[in-house]
Amino acid sequence: MITRVNERTHTPHGPLSEALGRAVPFVGGLTEHAVVAYWPGLDSYTLDDEQATWTAKQWAEHLEDPLLEHPFAASPQDDRRAIFHLDARLHPDDRELSRAEWTEAAHRLARAADIETPGDTNGCHWIAVQGKPGRLDLIANLIRLDGTWQRQPADLLRRLSDEARLIEEDLRLTPPRTATPQQGSIQKAPTASTQFARVLAQFANEQDGPLATVRGLVEHTAHRIAHQPGAASADTAHRLELIAHRLYGIQQDLQAAATRLNAPPPPRTAVPAPPAVQAATRQPR
């Protein structure tokens, strides 16, 4: 099972259309098995089995509701792109999972992403769609019911990967990269430049790199201090914003250095032989 976190969006229509393979809205309700899991709080104010008759447009409106109810809610970086989209794909050779197995996988991935917390009544609206063979799409609104922004773990990608490995083991699925090298084949060892490039790329990673985590904390602190009374607070917030900007510049420089280290060496050009050598190699007349 391979998990991928997509770029956040302002509305759920794009992610939902991608999950279903057709545009939203469309005529008719979703099949009973299309939505395999959703925010547990939905059961508290809907009728039994009502979710099976919802259209894709209604599900999109459900995901979009927190954006309309809390028009000023934003991330610590003042970002209103609150729609989180995660997709998980099975190995082509995996068996077809049952609805209960897809549901279990969806809830486990939602908990790993801090989208669902058991017992949290003010959590995120989210649904999990199984609209394509061997694929699960989890779509959530990071604006909670109390108007706050749901912060996700800094090591989100690692947690999702670890949970995917556990799901593979529990459901007896095929783990990634299980193919063994053919007999007699030799795997080329990574060069020192490649290893250094990987280290630099990890530092510069925008999703879960250490610099991105530090920058996020600095930006969050600047945002909080800016709302404190006094000129000193405004000056401190401005200085912190400059620090965050420099950290972002460092990330870009590290990524550029990693790219240069991974670049293939320039092709060698043939060097013509000196005149003396050419004369020595001439054939007699």
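This text goes with the structure placed above it.
In this report, we go over the structure that sits alongside the text. (Residues numbered from 1 in each chain as written. Predicted model: local features only at pLDDT ≥ 70, side-chain atom pairs only at ≥ 80, totals over all residues. Heavy atoms only, no water.)

### Here we look at the packing of helix α5 (residues 192-204) against helix α7 (residues 231-262)
Thought 1: Two elements in contact, α5 and α7, have axes separated by 8 Å at closest approach and are oriented at 160 degrees. Classified by the angle their axes make, α5 and α7 are roughly antiparallel. Here the hand of the crossing between α5 and α7 comes out left-handed. Contact residues: S193, T194, F196, A197, L200, A201, F203 and A204 in α5; Q251, L254, Q255, A257, A258, L261 and N262 in α7.
Thought 2: Within the contact of α5 with α7, the residues separate by chemical class into ten nonpolar, five polar and no charged. (Axes fitted to C-alpha atoms, helices over the stretch in contact; angles between N-to-C directions. Helix = DSSP H or I, 4+ residues; strand = E, 2+ residues; numbered from the N terminus. Parallel < 35°, antiparallel > 145°, perpendicular 65-115°, else oblique. Left-handed = near helix turned anticlockwise from the far one by under 90°. Contact = heavy atoms within 4.5 Å. Nonpolar A, V, L, I, M, F, W, Y, C, P; charged D, E, K, R; others polar.)

### Examining the nonpolar core
Thought 1: Among the nonpolar cores identified, the biggest contains 50 residues, and L16, F84, L109, I115, W126 and L138 are the most heavily contacted of them.
Thought 2: By residue number, the principal contributor to this core is helix α3 (residues 99-112), which donates six residues.
Thought 3: Apart from residues no more than four positions distant in its own chain, F84 is found in contact with V5, R8, A113, I115, L138, I139, A140, L142, Q152 and L156.
Thought 4: Among the nonpolar cores identified, the runner-up in size contains six residues, and A222, L240, A244 and L247 belong to it. (Core = buried A, V, L, I, M, F, W, Y, C linked by side-chain atoms within 4.5 Å. Buried < 20%, exposed > 50% of the residue type's maximum accessible area, 1.4 Å probe, protein only.)

### So, the packing of aromatic side chains
Thought 1: Counting across every chain of the model gives one aromatic pair.
Thought 2: With a centroid separation of 6.1 Å and 40 degrees between ring planes, the pair formed by Y38 and W59 is classed as tilted. A residue pair is termed long-range when its members are at least 10 positions apart, and Y38 in strand β2 (residues 35-38) and W59 in helix α2 (residues 56-69) qualify at 21 residues.
Thought 3: On the accessibility criterion, Y38 (18% relative accessible area) is buried.
Thought 4: On the accessibility criterion, W59 (0% relative accessible area) is buried. (Phe/Tyr/Trp six-rings, centres within 6.5 Å; stacked < 30°, edge-to-face > 60°.)

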